[in-house]
Amino acid sequence: MKTLFIDCSPKKRLSASGFIATMTGIFVFGKKKKLKLRTRADHENILNEIRDADNVVFAMPLYVDGVPSHVLPFLKEMEEFCKDNDIKINVYVIANNGFIEGKQNEPLMQIMENFCIRSNITWCGGLGIGGGVMMNVMRIMIVVVFALTVLNLITTAINQGVFDTGVAVGFAKDVAEILVLGCGIIIFDIWLATCINKRKGFGKHYTRIMLPSFLFILAADIFFTIISLFKGGVFRGWFSRKKPGEQICVQE
Ligand SMILES: Cc1cc2nc3c(=O)[nH]c(=O)nc-3n(C[C@H](O)[C@H](O)[C@H](O)COP(=O)(O)O)c2cc1C
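Described below are features of the structure shown in this document. (Residues numbered from 1 in each chain as written. Predicted model: local features only at pLDDT ≥ 70, side-chain atom pairs only at ≥ 80, totals over all residues. Heavy atoms only, no water.)

## Description of the site of the ligand
Step number 1: Near the ligand there are 15 residues, and of these S9, K11, S17, L62 and N96 occur at the shortest range.
Step number 2: Measuring from an oxygen atom of the ligand, one finds a backbone N or O atom of D65 at 2.9 Å.
Step number 3: In the model, an oxygen atom of the ligand is placed 2.9 Å from a nitrogen or oxygen of the F99 main chain.
Step number 4: Bound to the protein, the ligand loses 74% of the 650 Å² it would expose on its own.
Step number 5: Mapping the ligand onto the cavity grids shows that it belongs to the largest pocket. (Near = heavy atom within 4 Å. Polar contact = N/O pair within 3.5 Å; in protein donor to acceptor, adjacent residues only side chain to side chain. Areas by Shrake-Rupley, 256 points an atom, 1.4 Å probe, with all protein chains shown as cover. 1 Å grid on protein atoms, 1.4 Å probe; cavity = no way out; pocket = protein on both sides within 12 Å on 5 of 7 lines; lining within 4 Å. Sits in = over half its atoms within 2 Å of the grid points.)

## Observations concerning the nonpolar core
Step number 1: Formed by 33 residues in total, the largest nonpolar core has its most connected members in I6, I50, F58, F74, M78, I89 and M112.
Step number 2: For this core, the elements supplying multiple residues, two or more each, are β1 (2-7), α2 (43-51), β3 (55-61), α3 (72-84), β4 (90-97) and α4 (106-119).
Step number 3: Leave out the neighbours within four places in its chain, and I89 touches I50, A53, D54, V56, M78, I121 and T122.
Step number 4: Core analysis: the next-biggest nonpolar cluster, separate from the first, contains 31 residues, L127, M134, V137 and I178 among them. (Core = buried A, V, L, I, M, F, W, Y, C linked by side-chain atoms within 4.5 Å. Buried < 20%, exposed > 50% of the residue type's maximum accessible area, 1.4 Å probe, protein only. Helix = DSSP H or I, 4+ residues; strand = E, 2+ residues; numbered from the N terminus. Contact = heavy atoms within 4.5 Å.)

## What about the sheet that holds β3?
Step number 1: If you walk across this open sheet you meet the 6 strands as β2-β1-β3-β4-β5-β6, and the pairing is parallel. Of all the strands in the sheet, the pair left with one neighbour each is β2 (31-36) and β6 (203-208). The sheet shows a mean angle of 15° between the axes of neighbouring strands, direction not considered.
Step number 2: One ladder, built from 7 bridges, connects β4 with strand β5 (residues 122-130); its direction is parallel. Across the sheet, I94 pairs through a bridge with L127, a residue of β5. (Pairing = 2+ DSSP bridges. Axes fitted to C-alpha atoms, helices over the stretch in contact; angles between N-to-C directions.)

## Quick word on the pattern of salt bridges
When the charged atoms of two side chains lie near each other, side chains of opposite charge can form a pair.
Step number 1: Applying the stated criterion to the full structure yields 9 salt bridges.
Step number 2: For E49, the salt bridge identified is with K2, shortest N-O distance 2.7 Å. Of this pair, E49 sits in helix α2 while K2 sits in strand β1; the two residues are 47 residues apart in sequence, bridging distant segments of the chain.
Step number 3: Assessed through its relative accessible area of 5%, K2 is described here as buried.
Step number 4: Several salt bridges share partner residues, and in doing so they unite K2, K33, E49 and D52 into one network. (Salt bridge = Lys/Arg side-chain N within 4 Å of Asp/Glu carboxyl O.)

## Observations concerning a positive patch on the surface
Step number 1: On the surface, K11, K12, R13 and K231 cluster together into a patch of positive charge.
Step number 2: One can find K12 in the loop between β1 and α1 (16-27). (Patch = residues over 30% accessible without salt bridge, like charges linked within 9 Å, V, L, I, M, F, W, Y side chains within 5 Å. Lys, Arg positive; Asp, Glu negative; His and termini not counted. Charge placed at Lys NZ, Arg CZ, Asp CG, Glu CD.)

Written as structure tokens, this is what we have:
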């Protein structure tokens, strides 16, 4: 059984879609391949891999309540490709979005279901994840906690001459606390992977990061303010001086 994961995020690095595709791959058996879909140059390679695939898993962000625009030309090409070559594949979708409610991905799921019907391929359902950006926060937190634990172990070993095993227990507790936030995602993701392994339908399911909405909004505001500071100021460069070619054209 061959499963192809298509990471449809336009981000080069650190996309939530790429992360969830990799995580799902851990629980899927058989041959696996993960490819990025960012530009037209990626189409040919992906279509070649689809030729002998049994399952295709689209991992994508929700853009303006739908499928990101750079994915649409690919879907058009894939529709023709599947019809011309009589491709028989099972299609699953894992969508993630910025708002906290995973249910916001419903229109995207309907688009993908219609695409499968038109392409004569099997729609097997999808998972919609709300607060997807928090998956990035979680993995960054785990790396930071790990780095701090190693530092703690080394400094206590230097000061006291022994390795403090309590530090490792503390690390396990911290990781468990972080994973609680993602427990809905992990459980639904393992369920989806089980369906892929059994080659059966998953249906449509929606989950979210397990954080109360008011805390999510606060965390998201802090996160995006920090990101914005790194990417050109609090207002994402609104006040930065523009080069002549970058001026926005206003038609009269
Ligand atoms: C152009 C654009 C449109 C977006 N539209 C929505 C939207 O309609 N609803 C929503 O909840 N999030 C929206 N988002 C947020 C993304 O879905 C969210 O950041 C997602 O986690 C990105 O996933 P990725 O890291 O896999 O690219 C939008 C983001 C961008 C850049």
